[in-house]
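# Structure assessment
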Amino acid sequence: MSLIGNDILAGKGDFYSRNFQPTPREDTLILNMGPQHPSTHGVLRVMLEIDGEYIIRAEPVIGYVHRMQEKMGERLDYNQYLPNMARVDYLHPLAWNWAFVGAAEKLMGMQVPERAEYIRIITCELNRISSHLLWWGTYLLDLGAFTPILYAFADREKLADILQRITGSRLTFSLYQIGGCKADMDDRFIRETKEFIEYMRSRFPMYKDLVTDNLILRKRVEGIGGITREECRKYGASGPVVRASGIDYDVRRAEPYSVYDRFEFDCPVYEDGDALARYLVRMQEMEQSLKIIEQALKQLPDGEIMAPKVPKKPKPPAGEVYHAVEGGRGKVGVCLISDGSPVPYRVKLRSPSYSNLSLFPSIAGGTLLADAISILGSLDLIVPEIDR
Amino acid sequence: MLLKVKKTLAGLWSLIVGLKITGHNFCSPQLTVHYPREEVTNLDGFNGHVELVPSPKDPMLPKCIACGACARNCPSQCISLDFEKIEPAAQEGEDSESGGKKKKSQKKVTRFTLNFNYCSLCGLCVRSCPVGSLRFSSDVYLAGFDPQEFRIDLLERMRGQIATQGEKD
Amino acid sequence: MSEITLNIIRIWAGLFIILSFVSVNAIVLVYLERKVAGHIQRRPGPFEVGPHGILQPFADAVKLLGKQLITPCYADAILYWAAPILSFAPVAVCFLPIPAGPDTRVMDINVGVILILAFSGLNVLALCLAGWGSQNKWSLLGAARNIAQSVGYEIPLLLSVMPILMLTGSLDLNTITQNQGVWPWEWYVFKQPLAFIIFFVCALAETNRAPFDLPEAESELTAGFHTEYSGMGFGLFFMSEYTYMIVVCSMTALLFLGGWQGPLAPGWWWFVPKVYGLLLIMMWIRWTFPRVRFDQLLNVSWKWLIPASLLNLLATALVISLCS
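Residues numbered from 1 in each chain as written. Chains lettered and ligands numbered in written order. Predicted model: local features only at pLDDT ≥ 70, side-chain atom pairs only at ≥ 80, totals over all residues. Heavy atoms only, no water.

So, about the environment of T28 of chain A. Residue and element names in this part refer to chain A. Within the secondary structure, T28 sits in the loop between α2 (15–18) and β1 (29–33). Of the residues examined, T28 reaches a relative accessible area of 7% and is grouped as buried. A C-alpha to C-alpha distance of 17 Å links T28 and P361, two positions 333 residues apart in sequence. (Helix = DSSP H or I, 4+ residues; strand = E, 2+ residues; numbered from the N terminus. Buried < 20%, exposed > 50% of the residue type's maximum accessible area, 1.4 Å probe, protein only.)

Structure follows, in structure tokens:
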């Protein structure tokens, strides 16, 4: 009784299985880490050629969650398109919000009032913490620890409560508008945020003891999936992935937008490039986000939250603009081409997970299957963002 | 060599520390809201689906003037409404002939349906209403068997709310 | 009635009691596992079915029994269905020599230790057949991992039982328990702490419990060797896993923790809490640690457990020969 799989691939299977050129070895298995898999975060399919436990070749197949976000941008006008931006990356929607709104404001030459800038920074950093917490929980779930995800979700619930009062939703936040923000922070929001900062700071030691210092986790994560600087540059990766490989690139520092230059915060950079470095970068980014929020709350000015005279149906003048922000996964960019009408001519979404995923085939060769899971988890991919 | 032994012992100790943390959590109170025995208490600010605001003059009618701005602005075309025109009472005096302002015919909304299956809770309808006739509700316990249950008749809902409020008072 | 007939009736009655005990235990353990998991994760666990979710395992059992038994299209039906049966059947034999109390034992056999260790090894074959017979590459990977894991951890398991046998001089579980005293400090766990730890770790690995649950790694291999099983096929694997847990915990209690011995009155009322205490510790460990990677798992066995158990054995032998 032979393994039917290989014979099936020879004749039938789908387009990708037929065109997957395996190496000319007789003793390898071709495996589909299929669209339905507990560890590919979302509907990602990775075609693997494995020899025992070692991966010889890996090839991701994307497109299972393609929702035509960019096409919808050509059909809806600027205000109607904002909820879409929240759904592209449902974990850090405020970054995508900001990218789009910032692009439109750049086109219209609009200056956003100071208070609105501070609200944007505070909420975006809170969202970043929430995104990293979920990443942490699901990464550990992939590695087999079933409890830290629930501890992370307990913290995320607090964040969801805080952001719910200002944005109205708990997951796909949509707070920014062209010209400012939709809603203002009240005293209760500020008080709850301050309490949350204290609470979160008291949780980090527990996470460190339970997980980061854990022997088994260290063995699963240390020295796995080393990415060199050249590979990062080759594939245009960004975010914690490159900061763990020694490249000090953070959009908040390299191309400062809004009022980030008024805050003192570190961008943690590690040289090792392995999964442990990516893990530590994200854990420290959470602490730095808390620092930013603290400083922003201290410096919070009074004033309006919307720029004066923002039309109800914005009609940016014809032109092309690109605006990038630092999302939880990397550089989130929106290229907006307008032709003067209320509906954009072209909305191009630059998602960081797409470039980060391109790193995977080059580093997956020669790793164990369990390590491939660990690497995929440490890259922090959101598949809907890859497929848009 | 000594360093290796120390590292191993530190590693094994970290396992015990991890067990202590989960053991401590085992004895701690639960953090979840035990629905349906308890209900969530922090719904303020939450955007449920939109609902009509009753008019102060006649609670059984909404403030809506049937302009259709909400239906036009909705990115998913969720709102549909029907209206009927109420002709104003016949003018008396010289207004009608001497070029004074003619009273506009009023519109009364007769059907206001929200297709919540496609709503993305963007709030454009709420913001574009010139009279403030729409607001977000706190209706979060939505579970149904049929997509038809989510084509909500907002007029009926508003009238139902007024009735229960009247009973409470 | 002749002696043989009486014995046969006794064994049949004993098997019946064992199977009912096993079923009850499986039900209790399923419920306990989910409740322990829930409370560690700060949530209630099963709550709706019956008061505090007590009837949840019955609901699970009814669900599993009621499902259609599907054989995958290209699977080898004989191997595919032999696997769950082979996984669950030897369990009954493993319970025969276990003394729950001083006179509560189904079969008076003087090689109890070997019987249990031999029959629990059949589980490896069952999982191997499951993985191969499923015609699923993921199942195959799970089965391959399981074989290497089980073979690798059998050796330290046996080597850590050896010092106990040397101390007692007998393979009979009742004798081993009787040789340990009534008070906790007389139990073998204080004379052989290293053997206890090694035995417990190997027990975790043999029963495929986290952190050694790679064969059924839920997040890597989408349920590993039992991917293709649904309904009672999966139910049998599930029950056999929990039952093997009880078997190894009973072994640990008998060999190291004094079995049915206890301060005031020895009996099964000491044995059962010890077994359940060890089971709770197994569950506690499962819900705390991530999974060990496969080659690290084998490394732990080859580089740490086998040398440690060998050294332990040599030390014990030295001490015994010096003392006598």
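What follows covers the interface of chain A and chain C. Chain A puts 40 residues into the contact, and the matching count from chain C is 30 residues. Between chain A and chain C, roughly 3200 Å² of surface is buried when both sides are summed, and carbon and sulfur atoms account for 64% of that area. Applying the counting criterion to the chain A and chain C interface returns 1 salt bridge. Its salt-bridge partner being D371 of chain A, residue R293 of chain C comes within 2.8 Å of it at the nearest N-O pair. Our enumeration of links across chain A and chain C arrives at 7 residue pairs in polar contact (both at pLDDT 80 or more). Elements that contribute at least two residues to the side of chain A that touches chain C include exactly α1 (4–11), β1, α6 (114–143), α7 (148–167), α9 (215–221) and α15 (369–379) of chain A. With 5 residues, β1 of chain A is the largest single contributor of residues to the side of chain A that touches chain C. (Contact = heavy atoms within 4.5 Å. Buried area = accessible area lost by both parts, 1.4 Å probe. Salt bridge = Lys/Arg side-chain N within 4 Å of Asp/Glu carboxyl O. Polar contact = N/O pair within 3.5 Å; in protein donor to acceptor, adjacent residues only side chain to side chain.)

The next subject is the state of the cysteines. Residue and element names in this part refer to chain B. Inspection of the entire model under this criterion finds 0 disulfides over all chains. Free cysteine: C78, not disulfide-bonded; nearest cysteine sulfur from C74 at 3.9 Å. Overall, C78 belongs to the buried group, its relative accessible area being 4%. (Disulfide = S-S within 2.5 Å.)

Our next topic: helix α5 (residues 93–108) of chain A. All names here are of chain A. An ideal rise of 1.5 Å per residue puts 22 Å on 16 residues; α5 measures up with 23 Å between its terminal C-alpha atoms. Buried residues dominate α5, accounting for 14 of its 16 residues. Positive backbone phi, at 65°, marks G109, one or two positions downstream of α5. (Expected span 1.5 Å × (residues − 1).)

Turning our eyes to something else, we now look at the domain arrangement of chain A. Residues and elements named next belong to chain A. When its domains are assigned, chain A resolves into domain 1 (15–61) and domain 2 (69–387). For domain 1 versus domain 2, the distance between C-alpha centres works out to 30 Å. Taken together, the contact pairs 17 residues of domain 1 with 18 residues of domain 2. When the two sides are added together, the surface that domain 1 and domain 2 hide from each other amounts to roughly 1500 Å², 70% of it contributed by carbon and sulfur. (Domains from an automatic or database assignment.)

Moving on, we come to unusual backbone geometry. Residue Y35 of chain B is joined to P36 of chain B through a cis peptide bond whose omega torsion reads 0°. Relative to the elements of secondary structure, P36 of chain B occurs in the loop between α1 (2–26) and β1 (50–52). Here N208 of chain C, not a glycine, exhibits a phi torsion of approximately 55°, which is positive. Within the secondary structure, N208 of chain C sits in the loop between α9 (193–206) and α10 (232–256).

The next thing to look at is the interface of chain B and chain A. Each side of the interface is counted separately: chain B has 25 residues, and chain A has 28 residues. On the chain B side of the contact with chain A, I21, D44 and R127 of chain B bury the most area, a combined 23% of that side's loss. For the pair chain B and chain A, the number of links is 8 residue pairs in polar contact (both at pLDDT 80 or more). Elements represented by at least two residues in the side of chain B that touches chain A include exactly α1, α2 (69–73) and α3 (124–128) of chain B. It is α1 of chain B that provides the largest number of residues to the side of chain B that touches chain A, a total of 9 residues.

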